[in-house]
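# Topology and contacts: notes
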Amino acid sequence: MTTFIQLHLLTAYAPANLNRDDTGRPKTAMMGGVERLRISSQSLKRAWRTSETFQCALSEYIGTRTRRFGREIFQALRKGDVAEKSALTIAAKIAEQFGKLKADKNAKSPLDNLDIEQLVHLSPEEQRKTMQLVEVLIAEKREPRDDELKLLRADVQSVDIALFGRMLASAPGFNVEAACQVAHALGVSAVTVEEDFFTAVDDLNRKEEDAGSVHMGEQGFASALFYSYVCINRDLLLDNLNHDEALVAKTVRALTETALTVSPTGKQNSFASRAYASYALAERGTQQPRALSVAFFNPVRGEDQQAQAIARIQQQQQKFARVYGQKSDERCYEMNVESGEGSLQALLDFVS
């Protein structure tokens, strides 16, 4: 039986624009007939995996998402005194192992055609193997052999790839199925997006000459209590990480702490809307996973929305357990900042 770890979080953000759409307004979604504030799962995952908390816990196991790896290879070759033309040829041969390269005849620089057309997620081991090959080529003053160009690894041993997956269209044999699913965070209540009108003033302007501003603009903002849901397939994560139990436990701990304490970075300098989760419900067991978002299909109203939201999560969990049957191996842990129940360390011990 597959073991799942599920996290249900409530996080209150003050007025902010943490994740905006193509017009610059905070992202929203319709649910239960009303508009809700939204933070996309892509925004959350990037904020988590690039955070200092995650990096400090798992730095040697974190990969890199990039299109520009060919440029890094080219620069390393040039530093090794490889002629520019040869460096471009070698860098292209190596970079194309990770994805199709751009072929722009009108490129402003030959380096532009070293870029991979799509973002590719590279594991630390793949990057190390590549740079080791570059050192050999520099020392032996030659181009790589075909057997040396097999740089992709199926056993990636990269925690962010293991968690969030990897898709390589040109080399599907090295795809990795994501062991972690992250829902878009949604406000539990209806929201009205407001506009912040602002001006910028030139400090050297003299009032008698020009008292006006040099720039005017506006940006949207809103505030909400968000429900977030994360589901980790522990067995798949274990398989993705080559059955390293210690690394799995470390990864689950780091991801959980990050999800509770790291905020998306959008417009933080303007709003400083950083927040910790006020409530967390963690579940561990073999039961088919399910989110508790239906608890908020009817929007929360009134003044004490946090208490209402916590009660709804608890009630919805009990309703599902009663109707579908709670298996004996299912276990739960609650952390409630307002009531003082539970602690972060005990929660991390539970999930790991």
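Scroll up to find the structure.
The present account deals with the structure reproduced in this document. (Residues numbered from 1 in each chain as written. Predicted model: local features only at pLDDT ≥ 70, side-chain atom pairs only at ≥ 80, totals over all residues. Heavy atoms only, no water.)

In this model, the largest pocket occupies a volume close to 480 Å³. Forming the boundary of the largest pocket are 22 residues, of which Arg65, Leu119, Val120, His121 and Met167 lie nearest the centre. Elements with a minimum of two residues in the lining of the largest pocket: helix H1 (41-49), strand E5 (120-122) and helix H6 (159-164). Top contributing element to the lining of the largest pocket by residue count: H1, with four residues. Looking at the lining of the largest pocket residue by residue, the classes come out as eight nonpolar, six polar and eight charged. In this structure, the second largest pocket spans a volume of roughly 230 Å³. (1 Å grid on protein atoms, 1.4 Å probe; cavity = no way out; pocket = protein on both sides within 12 Å on 5 of 7 lines; lining within 4 Å. Points joined across faces, edges and corners; volume = space filled by probe spheres on them. Helix = DSSP H or I, 4+ residues; strand = E, 2+ residues; numbered from the N terminus. Nonpolar A, V, L, I, M, F, W, Y, C, P; charged D, E, K, R; others polar.)

Moving on to empty space enclosed by the protein. Counted by the stated rule, this structure contains two cavities of 30 Å³ or more. Quantified by volume, the largest cavity comes out at close to 110 Å³. Residue lining of the largest cavity: 15 residues in total, with Thr11, Tyr13, Leu44, Ser228 and Ala259 positioned closest to the centre. Contributing elements (two or more residues each) for the lining of the largest cavity: strand E1 (4-16), H1, strand E9 (215-233) and helix H8 (245-261). The leading source of residues in the lining of the largest cavity is E1, at three residues. Within the lining of the largest cavity, the residues separate by chemical class into 13 nonpolar, two polar and no charged. Roughly 70 Å³ of internal volume is contained in the second largest cavity. Together, 13 residues line the second largest cavity, and Ala16, Asn17, Leu18, Leu37 and Phe226 are the ones closest to its centre.

What follows is about the packing of aromatic side chains. Enumeration according to the criterion identifies six aromatic pairs in this entry. Ring plane angle 50° and centroid distance 6.0 Å describe the contact between Phe320 and Tyr324, whose orientation is recorded as tilted. Separated by four residues within a single helix, Phe320 and Tyr324 lie in helix H10 (residues 305-325), roughly one turn from each other. Just above the ring of Phe350 sits the side chain of Arg284; from NZ or CZ to the centre is 4.6 Å. (Phe/Tyr/Trp six-rings, centres within 6.5 Å; stacked < 30°, edge-to-face > 60°. Lys NZ or Arg CZ within 6 Å of the ring centre and 35° of its normal.)

Once that is clear, we can look at the state of the cysteines. Scanning all chains against the criterion turns up zero disulfides. Cysteine Cys231 shares no disulfide, and the gap to the nearest cysteine sulfur, in Cys180, comes to 7.7 Å. Since its relative accessible area comes to 2%, Cys231 is described here as buried. (Disulfide = S-S within 2.5 Å. Buried < 20%, exposed > 50% of the residue type's maximum accessible area, 1.4 Å probe, protein only.)

Another point: the pattern of salt bridges. This model, assessed by the stated rule, comprises 14 salt bridges. Linking Glu140 and Arg142 is a salt bridge whose minimum nitrogen-to-oxygen distance equals 2.6 Å. For Arg142, a relative accessible area of 21% puts it in the partly exposed group. With its nearest N and O atoms 3.4 Å apart, the salt bridge here joins Arg145 to Glu148. (Salt bridge = Lys/Arg side-chain N within 4 Å of Asp/Glu carboxyl O.)

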